[in-house]
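# Chains, contacts and geometry: an overview
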Amino acid sequence: MKVDLHCHSNVSDGLLPPAEVSRRAADNGVELLALTDHDDVAGLVEARAVAEARGLRFLDGSEISVSWRDDASFHVVGLGIDPANGALLAGLKSIRDGRDGRAHRIAEELDKIGIHGAYEGAARYAEKASIISRAHFARFLVEGKMSPDVKSVFDHYLAKGKPGYVPHEWASLEEALRWIGNASGVAVLAHPLRYRVSRDELRAFLGEFKDRGGQGIEVACGAHSAEEVKECARLARHFGLKGSVASDFHGPGESYAELGKAPPLPDDLVPIWHGLI
Ligand code: AMP
Ligand code: MN
Ligand code: MN
Ligand code: MN
């Protein structure tokens, strides 16, 4: 079965409306899809309707921003969540509310290095979205020819240690797992090797994640090389986590992987979607 359990619409920082994401997934032969916008569930009704009309199975999802220990952040994907769950909705709203002040602080830092009007510029790219993400800032900086593409904007301006980076307090791991669990979903660690943490810290995080009820890890991840997929498979086996398949598609020309084009999941791992569909 062709599976993709991590992608974004323009409800968060993707480029396509939710219906277009489902259409594109269907055109690409995806049979099981989850839309996982950052810190929101607002696109799920539209995405599900189109997915089901095209004969796809659909899981409701969201990618939740989490702070851990002093200054690390991780993304935890909730899959099979009830998108009407009150505590989940309130929790996600609290994260979205915090994002606006962060966006102003990012703009203030960019202003100091001579990049003016970045809040308004990013907000234009987030017109249809319920959040402002660094991806919106990145598009504005590309427009202003500060960098040739989104990835190099991150490398020069927005990643940790760069002038436009500001620390931010997201949800705690405990909160994110509670919201997902209360909403009858399963929690999956997104793109495990894309965080700015040491391997020891990643392992410590995964131990805590598993102990607190986390169930899955993105092994077949579009943002990972073949070697990294193997490393994630080893982590899945070591921590007793199920495997997920994730393009992390944001839009044509702006992603590591096209919708439905994540690498295959190694045969010996238990797929996270078993028991969810
Ligand atoms: P935020 O949640 O506001 O911190 O923004 C994180 C988002 O920025 C991710 O979900 C990606 O969409 C994007 N992003 C982060 N790092 C990179 C990168 N190195 N290249 C391209 N996009 C990135
Ligand atoms: Mn994103
Ligand atoms: Mn992410
Ligand atoms: Mn993502």
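Just above, that's the structure.
Here we summarise the structure given alongside this text. (Residues numbered from 1 in each chain as written. Chains lettered and ligands numbered in written order. Predicted model: local features only at pLDDT ≥ 70, side-chain atom pairs only at ≥ 80, totals over all residues. Heavy atoms only, no water.)

### Considering the coordination of the manganese ion (ligand 4)
Quick note on the threshold: Think of the donor list as every N, O and S atom within 2.8 Å of the metal, or within 3.2 Å for Na, K and Ca; water never makes the list, so a site can look incomplete. Helix and strand labels come from DSSP, where a helix needs a run of H or I of at least four residues and a strand needs a run of E of at least two; each type is numbered from the N terminus.
At the metal site, the manganese ion (ligand 4) is ligated by His6 (NE2), His8 (NE2), Glu63 (OE) and Asp248 (OD), and these contacts range over 2.1 to 2.2 Å. For the manganese ion (ligand 4), the single-chain donor residues occur in sequence as H-x1-H-x54-E-x184-D. A distance of 4.7 Å spans the gap from the manganese ion (ligand 4) to the manganese ion (ligand 2). Linking His6 in the loop between strand E1 (3-4) and helix H1 (18-27) with Glu63 in strand E3 (residues 57-68), this pair joins segments that are 57 residues apart in sequence.

### Comments concerning the environment of Tyr165
Spelled out, the test is: When a residue's accessible area, from a 1.4 Å probe over protein chains only, is under 20% of the maximum for its type it is buried; when over 50% it is exposed; and in between it is partly exposed. Every residue pair with non-hydrogen atoms within 4.5 Å of one another is taken to be in contact.
In this fold, Tyr165 is placed in the loop between helix H6 (150-158) and strand E5 (171-172). Classification of Tyr165 by relative accessible area gives partly exposed; the value is 24%. For the pair formed by Tyr165 and Gly213, sequence separation is 48 residues and the distance between their alpha carbons is 31 Å. Those residues within four positions of Tyr165 in sequence are excluded, and the remaining contacts are Arg134, Tyr157, Leu158, Ala159 and Lys160.

### A word on the coordination of the manganese ion (ligand 3)
In the first shell of the manganese ion (ligand 3), the protein supplies Glu63 (OE), His75 (ND1) and His191 (NE2), at 2.1 to 2.2 Å from the metal. For the manganese ion (ligand 3), the donor residues sit on a single chain with the sequence spacing E-x11-H-x115-H. A separation of 5.6 Å is found between the manganese ion (ligand 3) and the manganese ion (ligand 2). Of the two residues, Glu63 is situated in strand E3 and His191 in the loop between strand E6 (186-189) and helix H8 (199-211); the sequence distance between them amounts to 128 residues. Exposure class is identical for Glu63 and His191. Each is buried.

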